[in-house]
Amino acid sequence: MTTTFLRNAWYAAVWSEQLKEEELLPRTIVGDAIVLFRREDGGVAAISDICPHKFAPLHKGRLLPGDRVQCGYHGLEFGPSGNCTHNPHGSGRIPPTCNIKSYEVMERHSMVWIWMGDQPADAAIIPDYSFLDEGSGYDIGRRDFLRIEANYRLVADNLLDLSHSPFLHDGVIGGPETIKADINVEQDGTTVRVHRPKYNVRPPGLLNRLFRKDGERVDIWSTQRWSPPCYLLNDTGAYPPGGERSDGSGVLGAHLLTPETEHTTLYHFAAARQGLILDRNEDQEEFKEWLAEARRHAFQNQDEPMVEAQSEMMRRYPEATARPVLLEVDAGPVRCNRILDDLIRREGASRASLSQKAADEKRVVVEPLREIK
Ligand code: FES
Ligand SMILES: [Fe+2]
């Protein structure tokens, strides 16, 4: 497993609704310590969380009028661009090395995205989660969050290979009849779709409750979309055997993974029901809450302990775990990891050739990263 990160990419930092006014929110993203806050104009700013004076975390300071972050230790102040704007001591002189890094930030699909690279940020490559937008027609459940003690690739592998569902989520989102399935992997540019349909099977608990609630046999559609570096969209549901998807019910789920460090991952998730609602007497708010709880239960109490245990084994026994056995079910994860490895390799090569060129020419030219064809 390659353990470096792709830098020139957007990463999900926090659900928009969870970044409160006057809050200094610390986040570690691909190894950088960052503090996020709402500007007075309602936008979001992100600067380094490390005060350049004695390295106090800036999120332990105060957000003052005028979008000024005041260090809580000796009172240096910083603006949204990372420039030090005030030194309350002595002559008030601001040393030139006092400025800190700022990051480009964008709010889209109800999420705050942050650009971690040194190349120009490209808003067009934020993955499409427009079903989360206001007015999309989808009734979105709780926007939720977990912190997982494992490398983000292990969490992505877990979502890309749902053959674990009948074992780890038996009765909830899998069952004995959903073990066998044809897996079909499609690639479009750097986006991958892993299809895992099942036919004429007893529906697992969650799909049964979403659809007919009678336990009768169904066909199941299941597609996991992956966009680099680690953003997934799960589209799944049940419909009458041999029938049409339009006669079924399902869930559309966003799974946004953000590498914090090599060994920890921020996991944002949210979902909406899709398709027909067959039970007209059902309280929709109650159902939404039940769905959010069922999903959180599966991720927090079933996936998380397994992925963390797996991560621990890999940490403790690096030699014994250096070469995983690959099964047919790994086709999706293998494809996505190859794409990501290639993007990271290209980024590293581009950086190396840039520093060489800069050394030669004493100037830096940044070329945009090209997509894999
Ligand atoms: S550590 Fe921030 S002002 Fe001293
Ligand atoms: Fe799972």
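Remember, predicted model here, so these are calculated numbers, not experimental data. (Residues numbered from 1 in each chain as written. Chains lettered and ligands numbered in written order. Predicted model: local features only at pLDDT ≥ 70, side-chain atom pairs only at ≥ 80, totals over all residues. Heavy atoms only, no water.)

K.L.:
Looking at this structure, I do not really get the pairing of strand S3 (residues 32-38). What am I missing?
P.N.:
Extensive coverage of S3 is indicated by the burial of 6 of its 7 residues. Bridge count between strand S2 (residues 25-29) and S3: 5 bridges; the pairing is antiparallel. Paired with Ile29 across the two strands is Asp32, which belongs to S3. In textbook terms, the turn of a hairpin is the stretch between consecutive antiparallel strands, and for S2 and S3 this stretch comprises 2 residues, one of which, Val30, has a positive phi near 35 degrees. Counting the residues in the hairpin turn of S3 and strand S4 (residues 44-48) gives 5 residues, including Gly42, whose phi is positive at 95 degrees. (Buried < 20%, exposed > 50% of the residue type's maximum accessible area, 1.4 Å probe, protein only. Helix = DSSP H or I, 4+ residues; strand = E, 2+ residues; numbered from the N terminus. Pairing = 2+ DSSP bridges.)

K.L.:
What exactly am I supposed to notice about empty space enclosed by the protein here?
P.N.:
Once rolled over the atoms, a probe with the size of a water molecule shows which space is left empty. Tallied over the full model, the rule gives 6 cavities of 30 Å³ or more. Volume-wise, the largest cavity comes out at about 420 Å³. Along its surface, the largest cavity is lined by 27 residues, and Leu162, Ser165, Ile173, Asn234 and Thr236 are the ones closest to its centre. Elements represented by at least two residues in the lining of the largest cavity include exactly helix H1 (152-160), helix H2 (165-168), helix H3 (205-210), strand S15 (218-227), strand S16 (231-239), strand S17 (249-261) and helix H4 (284-316). In terms of residues, the lining of the largest cavity owes the most to one element, H4, which gives 6 residues. (1 Å grid on protein atoms, 1.4 Å probe; cavity = no way out; pocket = protein on both sides within 12 Å on 5 of 7 lines; lining within 4 Å. Points joined across faces, edges and corners; volume = space filled by probe spheres on them.)

K.L.:
Just to check I follow, could you spell out the sheet that holds strand S1 (residues 10-15) for this structure?
P.N.:
Each strand in a sheet pairs with another by means of backbone hydrogen bonds, the pair being arranged parallel or else antiparallel. Across the sheet, which stays open at both edges, the 6 strands sit in the order S1-S10-S9-S4-S3-S2 with antiparallel pairing between neighbours. Two strands bound the open sheet, and with one partner strand each, they are S1 and S2. Adjacent strand axes in the sheet meet at a mean angle of 35 degrees, parallel and antiparallel pairs treated alike. Bridge count between S1 and strand S10 (residues 111-115): 5 bridges; the pairing is antiparallel. For Trp10, the partnering residue across the bridge sits in S10 and is Trp115. (Axes fitted to C-alpha atoms, helices over the stretch in contact; angles between N-to-C directions.)

K.L.:
Would you explain the coordination of the iron ion (ligand 2) in this entry?
P.N.:
For a metal bound by four donors in a tetrahedral arrangement, the ideal donor-metal-donor angle is 109.5 degrees, while six donors in an octahedral arrangement ideally sit at 90 or 180 degrees. Protein ligation of the iron ion (ligand 2) involves His164 (NE2), His169 (NE2), Asp303 (OD) and Asp303 (OD), the donor distances falling in the range 2.1 to 2.5 Å. In this structure, the iron ion (ligand 2) is coordinated by 4 donor atoms arranged in irregular fashion, with angles at the metal of 55 to 149 degrees. Positions of the donor residues of the iron ion (ligand 2) along the chain correspond to the pattern H-x4-H-x133-D. Of this pair, His164 sits in the loop between H1 and H2 while Asp303 sits in helix H4, and the two are 139 residues apart along the sequence. (Donors = N, O, S within 2.8 Å, 3.2 Å for Na, K, Ca; no water. Tetrahedral: all angles 85-135°; square planar, octahedral: opposite > 155°, others 65-115°.)

K.L.:
In this structure, what is going on with H4? I would like to understand it.
P.N.:
Since there are 3.6 residues in each turn of an α-helix, residues three or four apart along the chain are aligned in direction. Its 33 residues give H4 an end-to-end C-alpha distance of 46 Å, which sits within 8% of 48 Å, the value for a rise of 1.5 Å per residue. Along its length, H4 reaches its greatest deviation from straightness, about 40 degrees, at Asp303, and the proline Pro305 lies no more than four positions downstream. Sitting at the amino-terminal end of H4 is Asp283, which places a side-chain oxygen 2.9 Å from the backbone nitrogen of Glu285. (Expected span 1.5 Å × (residues − 1). Bend = angle between axes of the 7 residues up to and from the residue. Polar contact = N/O pair within 3.5 Å; in protein donor to acceptor, adjacent residues only side chain to side chain.)

K.L.:
For this particular structure, what's the right way to read the layout of surface pockets?
P.N.:
Each pocket or cavity is described by its volume, and for the largest pocket that value is around 1300 Å³. Along its surface, the largest pocket is lined by 36 residues, and Leu154, Asp157, Gln310, Met314 and Pro324 are the ones closest to its centre. Among the elements that take part in the lining of the largest pocket, H4 stands out by supplying 6 residues, more than any other.

K.L.:
What am I meant to see in the nonpolar core here?
P.N.:
Note on soluble globular proteins: their nonpolar side chains tend to be buried together. Core analysis: the biggest nonpolar cluster contains 63 residues, and Tyr11, Leu36, Trp113, Ile114, Tyr129 and Phe131 have the highest contact counts within it. The residue makeup of this core includes at least three contributed by each of domain 1 (10-125) and domain 2 (130-333). With residues up to four places along the chain from it excluded, the contact list for Phe131 reads Ser136, Tyr138, Ile140, Leu233, Leu252, Gly253, Ala254, Ala270 and Ala272. Among the nonpolar cores identified, the runner-up in size contains 15 residues, and Phe37, Ile47, Cys71 and Cys84 belong to it. (Core = buried A, V, L, I, M, F, W, Y, C linked by side-chain atoms within 4.5 Å. Domains from an automatic or database assignment. Contact = heavy atoms within 4.5 Å.)

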